[in-house]
Amino acid sequence: MADKIIAMPTDDELFAAFQYGLEAGTPEQNKNILGMFEKFIGKAKEHLKTLVTLQDNGLALNFNEQSGNQVLEGFIEAQGFLLKLPLKGVLATFGASTFTDFVNSVKSGKNGRESTVGGITKILIAFFEKIGEKYETTDDAASITAKVEAVFAEQPAAPAESA
């Protein structure tokens, strides 16, 4: 087997891998949700590189609250004027005006934690597996799962001050 490339994929390669991840990782019963976003996704492909960092030994998943906010903000800004409002409306129905809002809606129970975390994990694993066909990657299913779980983890309650 030939060595894999250690470089940043093009926007088109990242987009193709992400589309594959969406198709492969979205459960059949949720494909209708995916359909709501299809017309918006292609306009924002240059923002997907926020989710990937190039390290000395390959590509790593950069999935955290900050990168999620950057991708979502770029996703919204990439839309034409007439599409921004409908997109913001659709996102608001999922409690996702920002990625931070979405994370909080999952933590509060508005969006089902198990299906959301499981779905995002499957999408990102498939995304990275597709990228990994050509490029060297440093993340596998276990490390991607850990990163997604960390974003949506419940924060322990702060200890009460003692008098």
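Residues numbered from 1 in each chain as written. Predicted model: local features only at pLDDT ≥ 70, side-chain atom pairs only at ≥ 80, totals over all residues. Heavy atoms only, no water.

(A) Structural context of the side chain of serine 105. Structurally, serine 105 is set in helix H5 (residues 99–108). Owing to a relative accessible area of 7%, serine 105 belongs among the buried residues under this scheme. (Helix = DSSP H or I, 4+ residues; strand = E, 2+ residues; numbered from the N terminus. Buried < 20%, exposed > 50% of the residue type's maximum accessible area, 1.4 Å probe, protein only.)

(B) Examining the packing of aromatic side chains more closely. A complete count under the given rule lists six aromatic pairs for this structure. Ring centres 6.2 Å apart and planes at 75 degrees place the aromatic pair phenylalanine 99 and phenylalanine 152 in the edge-to-face group. Within this pair, whereas phenylalanine 99 is found in helix H5, its partner phenylalanine 152 is found in helix H7 (residues 141–152), the two being separated by 53 residues in sequence. Residue phenylalanine 99 shares its accessibility class with phenylalanine 152, and that shared class is buried. Between phenylalanine 102 and phenylalanine 152, the aromatic rings sit 6.1 Å apart at their centres with planes inclined by 90 degrees, giving edge-to-face as the arrangement. Of this pair, phenylalanine 102 sits in helix H5 while phenylalanine 152 sits in helix H7, and the two are 50 residues apart along the sequence. For phenylalanine 152, a relative accessible area of 0% corresponds to the buried category. Over the face of the ring belonging to tyrosine 20 we find lysine 130, whose NZ or CZ atom lies 4.8 Å from the ring centre. (Phe/Tyr/Trp six-rings, centres within 6.5 Å; stacked < 30°, edge-to-face > 60°. Lys NZ or Arg CZ within 6 Å of the ring centre and 35° of its normal.)

(C) Structural detail: the pairing of strand E1 (residues 52–55). Inspection of the sheet shows E1 paired to strand E2 (residues 58–61) by four bridges, in the antiparallel sense. Residue pairing for E2: glutamine 55 is matched across the bridge by glycine 58. The hairpin turn running from E1 into E2, its antiparallel successor, is two residues long. (Pairing = 2+ DSSP bridges.)

(D) Layout of the environment of asparagine 62. With respect to the helices and strands, the residue asparagine 62 is situated in the loop between E2 and helix H3 (65–77). Taking the C-alpha atoms as reference, asparagine 62 lies 5.2 Å from valine 52; in sequence the two are 10 residues apart. Only 2.8 Å separates the side chain of asparagine 62 from the backbone oxygen of threonine 50, close enough to count as a polar contact. (Polar contact = N/O pair within 3.5 Å; in protein donor to acceptor, adjacent residues only side chain to side chain.)

(E) Spotlight on the pattern of salt bridges. Summed over all chains, the structure comprises eight salt bridges. For glutamate 23, the salt bridge is made with lysine 31, and the minimal N-O distance between the two is 3.6 Å. Lysine 31 gets classed as partly exposed once you look at its relative accessible area, which sits at 21%. Between glutamate 133 and lysine 130 there is a salt bridge; the shortest N-O distance is 3.5 Å. Here glutamate 133 falls in the exposed class, since its relative accessible area comes to 57%. (Salt bridge = Lys/Arg side-chain N within 4 Å of Asp/Glu carboxyl O.)

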